[in-house]
Every structure is written in structure tokens, then in C-alpha cells.
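A look at the structure
Now for the letters of each chain:
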Amino acid sequence: MTLSGGPLDTSDLIGLESRGGPRRSRRRLPPGEAVRSTLVALASTVVVFGLLGIAITSSPNWSDVQHAFFDGAIFAESLPKVLEAFGTNIALFLIAEVLTLVVGLMLAVLRGLPGPVFFPLRLIATVYVDFFRAVPGLLIIALLGFGIPALDLPGVPNDVFFWAVIALTLVYSAYVSEVYRAGIESVHWSQEAAARSLGLSRLQTLRHVIVPQAIRRVIPPLLNDFIGLQKDTVLVSTLGVVEIFRESSIIKAAKFNFTPYLAVALVFVVITIPLARLTDWLIARDRASQLSQR
Amino acid sequence: MIATTPALRIEGLHKSFGDLEVLKGIDLELGEHEVVCLIGSSGSGKSTLLRCVNLLEPIDAGRIVVEGDEITARGVDVNRIRRRIGIVFQAFNLFPHMSVLDNVTLAPRKVLGLARADADARAIELLGRIGLADKVRQFPDRLSGGQQQRVAIVRALAMQPDLLLLDEITSALDPELVAEVLNLIRELADNGMTMLIATHEMTFAREIANRVCFLDAGQILETAPPSEMFSAPREERTRQFLDRVIAAGRL
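Quick word on the overall build of chain B
- A tally of helices and strands in chain B yields nine helices and ten strands.
- In terms of overall dimensions, chain B has a C-alpha envelope of 55 × 45 × 40 Å along the principal axes.
- Residue burial in chain B is summarised as follows: out of 251 residues, 42% are buried.

Focus: the interface of chain B and chain A
- Each side of the interface is counted separately: chain B has 18 residues, and chain A has 18 residues.
- For the side of chain B that touches chain A, the secondary-structure elements that each account for two or more residues are α2 (78-84) and α3 (100-110) of chain B.
- Among the residues making up the side of chain B that touches chain A, the classes are represented as ten nonpolar, four polar and four charged.

Observations regarding the sheet that holds strand β5 (residues 69-70) of chain B
Residues and elements named next belong to chain B.
- In spatial order, the strands read β2-β1-β4-β5; together these four strands make up an open sheet with antiparallel pairing. Taken across any chain shown, the strands that pair with only one partner, and hence form the sheet edges, are β2 (20-30) and β5.
- Of the strand pairs in this sheet, strand β4 (residues 61-66) and β5 are connected by two bridges, and their pairing is antiparallel. Its bridge partner lying in β5, valine 66 is registered against aspartate 69.

Re the environment of A:Ala134
- For A:Ala134, the position within the fold is in helix α5 (residues 119-134).
- On a C-alpha basis, the gap between A:Ala134 and A:Ala214 in space is 25 Å, while along the polypeptide they are 80 residues apart.

Considering the nonpolar core
- Grouped together as the largest cluster of nonpolar side chains are 112 residues, with contacts concentrated most on A:Ala167, A:Leu168, B:Leu38, B:Val53, B:Leu165, B:Leu166 and B:Leu196.
- Per-element accounting of this core gives the leading share, 14 residues, to helix α7 (residues 160-186) of chain A.
- Setting aside anything within four residues of it in sequence, one finds B:Leu165 in contact with B:Leu50, B:Val53, B:Asn54, B:Ile85, B:Gly86, B:Ile87 and B:Leu196.
- Membership of the second largest hydrophobic core comes to seven residues, among which are A:Ala85, A:Phe86, A:Phe245 and A:Val264.

Quick notes on the packing of α3(B) against helix α5 (residues 145-157) of chain B
Residues and elements named next belong to chain B.
- At a minimum axis distance of 8 Å, the contact between α3 and α5 shows a crossing angle of 25°. When the axis of α3 is compared with that of α5, the two are roughly parallel. Considering the relative orientation of α3 and α5, their crossing is right-handed. For the pair α3 and α5, the contacting residues are Val100, Asn103 and Val104 in the first and Val151, Val154 and Arg155 in the second.
- Partitioned by chemical class, the residues of the contact of α3 with α5 number four nonpolar, one polar and one charged.

Re the packing of α5(A) against α7(A)
Residues and elements named next belong to chain A.
- Relative to each other, α5 and α7 sit at 120°, their axes nearing to 8 Å. Taken together, the axes of α5 and α7 are oblique relative to one another. Here α5 runs over α7; the crossing is left-handed. Residues Tyr128, Val129, Phe132 and Arg133 of α5 touch α7, and the partners they reach there are Leu170, Val171, Ala174, Tyr175, Ser177 and Glu178.

Observations regarding the confidence of the model for chain A
- Chain-level statistics for chain A give a pLDDT mean of 86 and a share of 88% at 70 or above.
- Low confidence marks residues 1-24 of chain A, where pLDDT is under 50. Its contacts with residues over four positions away, or in another chain, come to 27 contacts.

Describing the pairing of β4(B)
Residues and elements named next belong to chain B.
- Where strand β1 (residues 8-17) and β4 come together, five bridges link them in antiparallel fashion. From the neighbouring strand, histidine 14 faces β4, where its bridge partner is alanine 61.
- Counted between consecutive antiparallel strands, the loop separating β4 from β5 contains two residues, among which glutamate 67 sits at a positive phi close to 50°.

Let's talk about the sheet that holds strand β3 (residues 35-39) of chain B
All names here are of chain B.
- Taken in spatial order, the six strands line up as β6-β7-β8-β3-β9-β10 in an open sheet, and their pairing is mixed. Only two strands of the sheet have a single neighbouring strand rather than two, namely β6 (85-88) and β10 (219-224). Neighbour-to-neighbour, the strand axes of this sheet turn through a mean angle of 20°, independent of strand direction.
- Across the sheet, helix α1 (residues 46-53) is in contact with β3, β6, β7 (163-167), β8 (194-198) and β9 (211-216); its angle to β8 comes to roughly 145°.

Brief notes about α5(A)
Residue and element names in this part refer to chain A.
- Its 16 residues give α5 an end-to-end C-alpha distance of 22 Å, which sits within 8% of 22 Å, the value for a rise of 1.5 Å per residue.
- Among the residues making up α5, those that are buried are Ala125, Val129 and Phe132. What you see down the axis of α5 is that its buried residues fit within an arc of 85°, all on one side. Facing away from the buried side of α5, by more than 90 degrees, are the exposed residues Phe119, Pro120, Leu123, Val127, Asp130 and Ala134.

Observations regarding α1(B)
All names here are of chain B.
- Counting buried positions along α1 gives six out of eight residues, so the element sits mostly inside the fold.
- Looking at α1, one finds that the buried residues are Lys46, Thr48, Leu49, Leu50, Cys52 and Val53.
- Leucine 55 lies just past α1 and shows a positive phi near 60°.

Here is what the cut-offs are and how they apply
Here the residue index of a chain counts from 1 through its sequence in written order. Written order determines the labels here, with chains lettered from A and ligands numbered from 1. Reporting in this predicted model follows two pLDDT cut-offs: at least 70 for local features of residues, and 80 or more for side-chain atom pairs to be given and counted; totals over whole chains, interfaces and linings ignore these cut-offs and use all residues. A helix here means a DSSP run of H or I that spans at least four residues, while a strand means a run of E at least two residues long, and both kinds are numbered starting from the N terminus. Exposure criterion: with C-beta atoms placed from backbone coordinates, a residue whose C-beta has 20 or more other C-beta atoms within 10 Å is buried, one with 12 or fewer is exposed, and one in between is partly exposed. In this description, any two residues whose backbone-derived C-beta atoms lie within 7 Å of each other are considered to be in contact. Residues are grouped as follows: nonpolar covers Ala, Val, Leu, Ile, Met, Phe, Trp, Tyr, Cys and Pro; charged covers Asp, Glu, Lys and Arg; every other residue, Gly included, is treated as polar. At least two bridges found by DSSP between two strands is the condition for calling them paired. Residues enter a nonpolar core if they are buried, belong to Ala, Val, Leu, Ile, Met, Phe, Trp, Tyr or Cys, and are joined to the set through C-beta atoms within 7 Å. Axis definition: a line fitted to C-alpha atoms, limited for helices to the stretch in contact. Angles are taken between N-to-C directions and run from 0 to 180 degrees. For this classification, under 35 degrees means roughly parallel, over 145 means roughly antiparallel, 65 to 115 means roughly perpendicular, and everything else is oblique. In this scheme the crossing of two helices becomes right-handed for a clockwise turn of the near helix relative to the far one and left-handed for an anticlockwise turn of less than a right angle. For every residue, the predictor states its confidence as a pLDDT score lying anywhere from 0 to 100. By definition here, a helix of n residues has an expected span of 1.5 Å times n minus one. Think of it as the arc spanned by the lines of direction from the helix axis to the C-beta atoms.

Written as C-alpha cells, this is what we have:
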């Protein structure tokens, strides 16, 4: 679906293209018709959004809503503060994402090991995935973040940030391992046959033939899980870590106003949209390369 | 034939998939430098036989002996065995995420431990010999089917196998691309490569094979030199099969 159906084609940029099914070749409209359809799209957009705006702002309680959620002054004051606290979230998700990628792949490979010798490893990986996918992330964060420092074990870090990263990694590596596993299983068995027939061992086949193809295929769903991980970093606020959500809650409590939460929402939207568009672009590129293979 | 160790000896090979018995006692011997073609209708067990020889399928009963070594014995290192036996598949099975060069050099580097420079030099020489020197940096999806299949053959040859198995390697090709692949196989036969070839190309089989085996329902029904097999088959089933092939214009 294009916005205008004409040459003013922004669908690639903003990702409004229809998903699924082969990409249809774009019709080239005659110039007159193209201009006309662009103008119609523009006019109808202005009318629809104009009416919506009038309807909302003229409703009787609008000024209360505006004051509680959209206070310009409070927004301007809280944005720099929440942005600063967001550094903690960035550190949390960047470290957890790298660890998740590694642990998730290890779990997926362990689950795919054949033969009776590897049964214990398969069992461990399966139980791990079942457990950490089933239990709410908040619970894992609380268990590790409050529980382990309270034990005060010798040689074990008591840093809450450390345990927050571990908790996020445990939960998300369980999801990510399933994504990897689907990718590994999607590589046709004939690829393994070809590699093994050349004398490559099972592990070499995984390493050089299966996993590289699998990862290419699962990048879009992996990025999707990363969006989830980024958002779940706010759960760490329950441990008392001053990250973006806790910071905004402090301002909210002081000002008795919800605008700081909207600043937080805006920050997450702004960092997530590029990732979502990147995902769309990767999917589109993948589809194009598959078409070229005929 | 002189009584030396055969390149390949198959004895009483049985293979079932579930309840379906695909190979019902195959006995076959290939001498050094011999080319044997397997013919027979789809589902007669040709592909399964080749896959068993390369240990890609576990066998249920029987023995497979390569150059005097029983490869179906318990505890043999299958990776070592497979280095000596090359296989080329109907669907090429090139690695789509690697360049042509990397497709060819992966196994020499990782299995034989060749340095990249050496492996590259050898692969470029082999690819040059089949006229694909300008394609070494390309990815498989940029090549025609015939070119892809020739790369797959070179990939198998790069391991310097004693025995080459070809599994209907022209069946997935457009007719005009078949010749370039068969010419390469002809050249290999002239150079003395031992080959076991499952094929539907009867003209090719007649020309290249030392012997032709007709497989029917999991058994080798008839083995003969191509001149006899195609002009005066002994078995009724062979005759019916060849009549159908002639009717289809493939001979």
C-alpha cells in the first residue's frame, strides 16, 4: 500500500508497505492522475486529522487531561533528566543483548545435539528455556536482584545492576534460543548433507554452513525480541536502580503530574522506531534477494 | 578385469524407511577407473543407494567396502570416509551464503587443513579449467543452473576423492544447460575417475558407462555393458522401462 498511489512514494521510508505475499510491481500512473491522487490523499488526511483534533480538544474535560499529561513546562524540565537516566537503560540493554545473543545461540545448538550421549545437555537446555519463558521477567529480576545480594555470598557480586543484567539475559536468551532454533531448522537438510558429504564434522557443519544461514534468516525476529528487551529494562526500576522510569516517577511524585511518563514514552518510541524500520528494511532486502534466486 | 582390490564393493545392502523397503539386497562392484551408470524409474532406489554409499543414510544390513576398507563397520570415522567419496546432488546444494570460491575451498581448508592461499590457488585453477575463473567471487544465485552444478562438481573434486557419486545431476537443469555438465563428466571419465552415476540420460549412459545397472523396486535386476543393455536387454522389466524411455524421447 502506498500513501498516494502515485510517484510521491514514501512507503519505503516509513514502512507502510503491506506485509506478506510477494511484492507487487508498482503501477506507473500517468502524471496527471498521479498529481490528482496525491492531492486527494493530502486533502482527506487534513480533513480526518483536523476533525479528530477538534473533537478531542473541544471535549469538556480536555483542559484537565492536557494539564495532567501534556504540560509543556514540566515536559521541558523532565526530558533532560529522564534522558540522563536513560543511560542506565542503554547500558542494561546493550550488555544484556550481547549476552543474550551468545547464550541464546548456545542453548539452540545444545538443544539440537543428536544422540544419546548429549541427552543431559539437551535436557538442561530444554528445562532452561521452558522455565525462563514461563516465569514473569519481573519475578526473575526480583529474585536475583533482591535475593542474591541479601545472601551476601563470598565472591558473588552484590551489585544490583549486575544481577539486573543477568536476569534480563536469562529471560531473553530463552526467547532468543527459540528464534535461533527455528532458524536452524529452517535451513534445508540438503545443506547439511552437502557439508557432511565433503567430510565436515557435525560441529563444523553447524559453524560454517547451518548457523550462518540461520542467523541471516532470523535477524528480523531477533530485532523484535530486542525491542522487547529494551522496554523491559524499566522493570529494573523495582530494584531501586535509578533508570528512566524511576527517574520519571520521582519527578511525577514531586510535581503530581504525569507528563514525565509521556517524556519516557517518547524516548522509547524514538529509539524503537529506527529499529523497527531497520527490521522492515532487512525483511524487504531478504525478500528481494530470494526473488533474485528465482 | 584384473583381480585387484575393487574401488567399491557393496554386499547385500538393505535399507528401509519405516515399513518401506527401498533397497532389497544390492550387490555391486566397481573396479578402479570404472564408470557404472544406475538406471531405473523414479523410486527404484538409485538415489538411496548413492546416499548409503556416502553414509548419508544409515544402512540396515549388508556391507560397503571402499578400497578394501569396510566403511559400514562399527566405530569407523565417517568424516574420514566421506573425504574419499565425493557426491554431487540433483539440486546442486551449493552453500548460498558463500562465494563460489569459498564453496570450493571450505572443505579443503576445514577438513584437510589447507592454508587459505593454497586452497584458493587450487580452487581457482580447477574453476579456471571449467571456464568459471571469472565467477570465483560471485555468489551461487548469480550463476546459471549449469554453472552451479559445475561448481558443485568442482567442490567435490577439490577433496580429491577416490570415488565420485553423481545423483541425477542434470535432472534439475534446463535442457540447453545439460551438455556443459555432461561434458565435464566425460572429461572426468577420460581422466580415469571412478564414478557411480544415477541418471535418466540414457544416451549419456550408453556413451560413458563401462557397465549399466537396471534398478527395479530396490534390486539390481540386470547388469550389462551399455551396448547390450540398450540393444538387447535380457529382462522383460528392463525392456518395458527402456521402451517407456524411448517413447519419452530420451534415447
